[in-house]
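Examination of the molecular architecture
As a plain string of letters, each chain reads:
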Amino acid sequence: MKNTILICLLILSFNGFGQAKKQSNYDTITLGGGCYWCVEAVYENLNGVKSVVSGFSGGKTTNPSYEEVSTGKTGFAEVVQITYDKNTTNLDEIFKVFFTVHDPTTLNRQGADVGSQYRSVIFYKNEEQKNAANNIINALKKAKVYNDPIVTAVEPFTKFYKAEDYHQNYYDNNKNQPYCKMIIQPKIEKFEKVFKDKLKKK
């Protein structure tokens, strides 16, 4: 992955910030970028995000368990469902974070996490989300940000199933676990460095 990704992602921005704040206008987007523990931990710190819920999308069975999805045979992907205030952040910014903190060029894997449940995918629920996703993917391809082709799928949203309670806020509840220290923490540090002016105030 090239260092220029950080520059390109910061350049790809829409208008809208700096306008007068209106009444809160919440929306949701569902993203899969590998292990949902990692993705959830990042978006919990993005200003304008109200909530992040880990779960599963993209399969056909009802209410799958973590163990079932982990087999890689259910069609489900590990995802996060992000609820955000459109007056504070927007799809463009959410997607810039997404393409910064995971590798969209590895098919059905993120690092050591291998299987279709770890695929890179954006589940859109309307044309606005679909167009925004395709626009940033096309811009990244045009800018040749990655050495390898982007394999992120853009698919219509059908159903979201919340994962078991112990998967929610996993990083915050398990910071001393080796996976959290070695895998999640570096992603958070990268996010905080690139988007330092978009972090929630603590």
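As a starting point, this report considers the structure included with it. (Residues numbered from 1 in each chain as written. Predicted model: local features only at pLDDT ≥ 70, side-chain atom pairs only at ≥ 80, totals over all residues. Heavy atoms only, no water.)

1. Regarding the pattern of salt bridges
We count it as follows: Here, a salt bridge means any side-chain nitrogen of Lys or Arg that lies within 4 Å of a carboxyl oxygen of Asp or Glu. Helix numbering and strand numbering both begin at the N terminus, where a helix is a DSSP run of H or I of at least 4 residues and a strand a DSSP run of E of at least 2. For each residue, the accessible area found with a 1.4 Å probe, counting protein chains only, is set against the maximum for its type, and the residue is called buried under 20%, exposed over 50%, and partly exposed in between.
Applying the stated criterion across every chain yields a total of three salt bridges. Between Asp92 and Lys96 there is a salt bridge, with the nearest N and O atoms lying 3.8 Å from each other. Note that Asp92 and Lys96 are positioned in helix H4 (residues 91-101) at a spacing of four residues, about one turn of the helix. Neither residue differs from the other here; Asp92 and Lys96 are each classed as buried. In this structure, Lys198 and Glu93 form a salt bridge, with 3.6 Å as the shortest nitrogen-oxygen distance. With a gap of 105 residues between them, Lys198 in the segment after helix H7 (178-194) and Glu93 in helix H4 connect regions that are remote in the sequence.

2. Details of the sheet that holds strand E7 (residues 153-156)
To summarise the sheet geometry, strands pair through backbone hydrogen bonds and adopt either a parallel or an antiparallel arrangement. Selection rule: Pairing between strands requires that DSSP locate at least two bridges from one strand to the other. Note on definitions: angles span 0 to 180 degrees between N-to-C directions of axes, and those axes are lines fitted to C-alpha atoms, for helices only across the stretch in contact. In what follows, a contact means two residues having at least one pair of non-hydrogen atoms within 4.5 Å.
Pairing is mixed across the open sheet formed by six strands, whose spatial order is E7-E6-E1-E3-E2-E8. The open sheet has two edge strands, E7 and strand E8 (160-162), and neither has a second partner. The sheet shows a mean angle of 35° between the axes of neighbouring strands, direction not considered. Both strand E6 (residues 120-124) and E7 contribute to a ladder of four bridges, which runs parallel. Bridge pairing links Val121 to Ala153 in E7. Helix-sheet contacts for H4 involve strand E1 (26-33), strand E3 (77-85) and E6, and the interaxial angle to E1 is about 20°.

3. Details of the environment of Ile122
Along the polypeptide, Ile122 turns up in strand E6. Residue class for Ile122 comes out buried when judged on its relative accessible area of 0%. Taking the C-alpha atoms as reference points, Ile122 and Val79, separated by 43 residues in sequence, lie 9.0 Å from one another.

4. Side note on the packing of helix H2 (residues 36-43) against H7
Quick note on the threshold: Two helices crossing with the near one rotated counterclockwise from the far one by less than a right angle form a left-handed crossing, whereas a clockwise rotation gives a right-handed crossing. Residue type decides the class: Asp, Glu, Lys and Arg count as charged, Ala, Val, Leu, Ile, Met, Phe, Trp, Tyr, Cys and Pro as nonpolar, and the leftover types, Gly among them, as polar.
In contact at an axis separation of 9 Å, H2 and H7 are set at 35° when each is read in the N-to-C sense. Between H2 and H7 lies a crossing whose hand is right-handed. Every residue of H7 that contacts H2 at Trp37, Cys38, Ala41 and Val42 is listed here: Tyr179, Ile183, Ile184, Lys187, Ile188 and Phe191. Tallied by class, the residues present in the contact of H2 with H7 amount to nine nonpolar, no polar and one charged.

5. Here's the deal with the layout of surface pockets
We apply this condition: In this analysis, the protein atoms alone were mapped onto a 1 Å grid. Cavities are point sets where a 1.4 Å probe fits without being able to get out; pockets are open sets with protein on both sides within 12 Å along at least five of seven lines; lining residues have an atom within 4 Å of a point. Grid points are joined across faces, edges and corners, and a volume is the space filled by probe spheres set on the points.
There is about 160 Å³ of room inside the second largest pocket. If you go around the second largest pocket, the residues you meet are Gly33, Gly34, Cys35, Cys38, Gln110, Gly111, Ala112, Asp113, Tyr179, Ile183 and Lys187. By residue number, the principal contributor to the lining of the second largest pocket is H7, which donates three residues. Each residue belonging to the lining of the second largest pocket can be placed in one class, and the counts come to five nonpolar, four polar and two charged.

6. Quick word on H7
Worth spelling out the cut-off: Helix span is expected to be 1.5 Å times the residue number reduced by one. We define the bend at each residue as the angle formed by axes fitted to the 7 residues ending at it and the 7 residues starting at it.
Counted at 1.5 Å a residue, the expected span for H7 with its 17 residues is 24 Å, and the 24 Å between its end C-alpha atoms agrees. Of all the bends in H7, the greatest reaches close to 40° and is centred on Ile184; the proline Pro186 follows between one and four positions later.

7. Remarks on the packing of aromatic side chains
Note the following rule: Each pair of aromatic rings taken from Phe, Tyr and Trp, with Trp reduced to its six-membered ring, is defined by centres within 6.5 Å and is described as stacked if the planes are under 30 degrees apart, edge-to-face if over 60, and tilted in the remaining cases. In this scheme, the term charge over a ring applies when either NZ of a lysine or CZ of an arginine sits within 6 Å of the ring centre and within 35 degrees of the ring normal.
In the structure shown here, the tally under the stated rule is seven aromatic pairs. On the basis of an interplanar angle of 80° and a centroid distance of 5.9 Å, the ring pair of Phe76 and Tyr161 is categorised as edge-to-face. Residue Phe76 is found in the loop between helix H3 (66-69) and E3, and its partner Tyr161 is found in strand E8; the two are separated by 85 residues along the sequence. When sorted by exposure, Phe76 lands in the same class as Tyr161, which is buried. These aromatic residues form a ring-pair network of at least three members: Tyr36, Phe56 and Tyr66. Between the NZ or CZ atom of Lys50 and the centre of the ring of Tyr26, over which it lies, the distance is 4.7 Å.

Purely geometric numbers; function is a separate question.
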